[in-house]
Amino acid sequence: MSERRFPYPDEVKLPEGVDPEVYKRMYAYYRLPATLLFDRDAPKELVEWERKMFWYQDSLHHYDVMYPLDDIHPATWEIALSAYNSRIFVVPPANGIPHRIVNGYLFISFVPVLDEKEIQKRLEYFQKRAGYYYQNWNDIYEKNWKPEAEKIVKEMESLEFRDLPEVEDEKIVFERMGYSSSAYHLVDNWLRLVMLHQRLWWKHFEMLNLGYAAYLLFYQFMKQKFPDIPDQHIALMVAGIDVILFKPDLELRRLAKLAVELGVADRILSFATAEQMEAELSRSNNPNEKKWFEEWNSVKYPWFYYTTGIGFYHHEPRWIDDLNIPFNFLKDYIIKVKRGEKLETATERLRRQRDEIAAKYRELLKEEDRKLFDQYLQVARTVFPYVEEHNFFVEHWGHTVFYNKVKEVGKILSKHGFLERPEDIFYMTWWEVYLALLDLVASWAVVMPPVGKYYWPREIAKRKEIISKLKEYKPPPALGRPPEVVTEPFTVMLWGVTRERIEDWLGTAAGAGKIIKGFPASPGVVEGRAVVVTSVEELNKVKEGDILVCPNTSPAWGPVFAKVKAVVSDIGGLMAHAAIVAREYGVPAVVGTGNASRIIKDGQRIRVDGFKGVVEILE
């Protein structure tokens, strides 16, 4: 490993023109580097701890500058993920994932358990607690996890945010309520929304860490018995999953087939927008059009509560808020059905393939190892669907509901002059929104001008300038001194951070040019025209048979996966969403290339080798 290193957190300076005092107010104090928070009085112990850690930017999930309100997601998952590792399941070699926000971007690290005696001590806890979950996995998931996750989302939906009345309802008096329900519930519902969001994130990690751990156990067993086995063969042995996360795309396929069966396909294709289609079909007396339109409306909830991004930013379009997104995907599918294509998924083929691969490796094992192989594989296949499925409940359905409720509060604050626009609420932290609501309630109760009306527009104007400057800033990929070897399994398999990737970041890797290397995420070799997509807005560039090249993808890009020949991404490891979705759609993929979307140009002809993890620029 090179002696070179990345800057330490205390060496990274704020971009010129960023007011440090305003910047510090945008985030929770404990998420900032010590030297920024304390300046020259930074505790030496804290600075040294930050220098000792190796931090990398979490561009897999948090690719953009963190808006103050959007930071509620990582601030919450830092606690939930870490606590399940360190305090609940007591994972033997791993504690938590600490965060630091550096110049607006999220950097994460990992806290391993290095003492062998401590690992052995933790093993006893882990075997008892994790073992209980593994033994009762499906029962816990179906009877507890899913109903509770749905209940939390629906409870968020039930929260009402109403503006304060001129005079309270007389029931306050005649029903002897004893308090102002308008004032109380406006503030209380905000706090409940925040805590329900946190509760949902506890559900997120309740089974996810164990899901990865079970897969890793199988992975390590296979690597021990077959040192040369490709990572992809291990991944394929658990492929062919049937999960809710793919349901929105499957519903669009079903609607496309139904449109052709009912003879209304051409009528639907004739509409330029979803709004036009809904306006026309809602007035239609044609029984087949009415039947199809009822089906369209019936799938909206909850399947259109789906983000086109990762789910962590308020600015990512959601299907339910922009129906043209699913409508355009639907029209592509209708055209395919009219051409005679069946729109079948690769699931059945993948299941046959996974069973064939598993049988071949099992045959090569000694008799005494086969029982362990069967056991590990069964557990990995049992838990693996959850690794993707939870995503729909939390990042898609849950966050869509959460954001819509936040926007309702933004409208109230905007109406009272606290915000110039309702969307400005995302420049406030969640506890600042709480204070603003208290300010509003106090001014309503006393009958006096609210202070926030004069404070927040000025403050938010300064924050907008800062966010704008931070968007121009290019963060380093990592901070601190790289480890000799990256062994933390989630870091490698989910984020794709390996020694080779770090060397790429340091600019010392050889072979740059027309050959780009990454993780072989999904098998197959294809050649074709590259289309580089750096944002959701550019997805309409993708044509049938293109090769998608992008910084990262979302599970919601499933309909796009059905159009492309192959996928190449900058970020992610073998277990990243892009890798899993590509395998499930049977599309060759190379992920974690580091910089393919910056090297490859639109229209270039490239060759993608999903077996070897190599992308070659042909022209």
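(A) Structural context of the sheet that holds strand β12 (residues 614–617). The 8 strands lie next to each other as β5-β12-β11-β7-β8-β9-β10-β6, forming an open sheet whose pairing is mixed. The sheet is open, and its two borders are formed by β5 (515–517) and β6 (519–522), each paired with just one other strand. The average undirected angle you get between the axes of adjacent strands in this sheet is 30°. Pairing of strand β8 (residues 547–550) with strand β9 (residues 566–569), which is carried by 4 bridges, proceeds in the parallel orientation. Note that in β9 the partner of Val549 across the bridge is Val568. Taken strand by strand, helix α23 (residues 577–584) contacts β6 and β10 (589–591), and its axis lies near 40° from that of β6.

(B) Layout of the sheet that holds strand β1 (residues 55–57). One open sheet accounts for 4 strands, arranged β2-β3-β1-β4; its pairing is antiparallel. Strand pairing shows two members of the sheet lacking a second neighbour, β2 (99–102) and β4 (478–479), which therefore form its edges. In this sheet, strand β3 (residues 105–108) lies alongside β2 in antiparallel orientation, the contact comprising 4 bridges. Each bridged residue has a counterpart across the sheet, and for Arg100 the counterpart in β3 is Phe107.

(C) Structural detail: the pairing of strand β7 (residues 525–532). Pairing of β7 with strand β11 (residues 605–609) involves 5 bridges; the strand directions are antiparallel. Note on β11: the bridge partner recorded for Glu527 is Arg607. Where β7 meets β8, 3 bridges bridge the pair, whose relative direction is parallel. For Ala530, the partnering residue across the bridge sits in β8 and is Ile547.

(D) Summary view of the packing of helix α17 (residues 367–415) against helix α18 (residues 430–446). Closest axis-to-axis distance for the α17/α18 pair is 11 Å, and the angle between their directions is 45°. As summarised for this structure, α17 and α18 are arranged oblique, according to the angle between their axes. Considering how the two elements wind past one another, α17 and α18 form a crossing that is left-handed. Taken together, the residues of α18 that come into contact with α17 (itself represented by Val409, Ile412 and Leu413) are Val433, Ala436, Leu437 and Leu440. Residue composition of the contact of α17 with α18, by class: 7 nonpolar, no polar and no charged.

(E) Region of interest: the packing of aromatic side chains. With the rule as written, the count across this model stands at 46 aromatic pairs. An angle of 20° between the planes, with centres 5.9 Å apart, marks the rings of Trp292 and Trp296 as stacked. Taken together, the residues Trp292 and Trp296, both in helix α13 (residues 287–298) and 4 residues apart, mark about one turn of the helix. Centroid distance Phe304 to Trp319: 5.6 Å. Interplanar angle 70°. Geometry classified as edge-to-face. Residue Phe304 is found in the loop between α14 (300–303) and α15 (324–338), and its partner Trp319 is found in the loop between α14 and α15; the two are separated by 15 residues along the sequence. Like Phe304, the residue Trp319 is buried in the burial classification.

Conventions used here
Going along each chain's sequence as written, the residues are numbered from 1 onward. Since the coordinates come from a predicted model, pLDDT governs what is reported: local features require at least 70, and pairs of side-chain atoms require 80 or more to be given and counted, while whole-chain, interface and lining totals use all residues. Each side-chain value is worked out from all heavy atoms of the structure, with water and hydrogens disregarded. A pair of strands counts as paired when DSSP detects no fewer than two bridges linking them. Numbering of helices and strands runs from the N terminus, with a helix taken as a DSSP run of H or I at least four residues long and a strand as a DSSP run of E at least two residues long. Inter-axis angles, ranging from 0 to 180 degrees, are taken between N-to-C directions of lines fitted to C-alpha atoms, where helices are fitted over the stretch in contact. Note on contacts: a residue pair is in contact if any heavy atoms of the two residues lie within 4.5 Å. Any angle that falls under 35 degrees is termed roughly parallel, while one over 145 is termed roughly antiparallel, one within 65 to 115 roughly perpendicular, and all others oblique. Each helix crossing is assigned a hand: it is left-handed if the near helix lies turned anticlockwise from the far helix by less than a right angle, otherwise right-handed if that turn is clockwise. Polar here means any residue other than Ala, Val, Leu, Ile, Met, Phe, Trp, Tyr, Cys and Pro, which are nonpolar, and Asp, Glu, Lys and Arg, which are charged; Gly is therefore polar. Pairing of aromatic rings covers Phe, Tyr and Trp, the last counted by its six-membered ring, and requires centre-to-centre distances within 6.5 Å; plane angles under 30 degrees mean stacked, over 60 mean edge-to-face, and any other angle means tilted. With a 1.4 Å probe rolled over the protein chains alone, any residue whose accessible area is under 20% of its type maximum counts as buried; one over 50% counts as exposed, and the rest are partly exposed.

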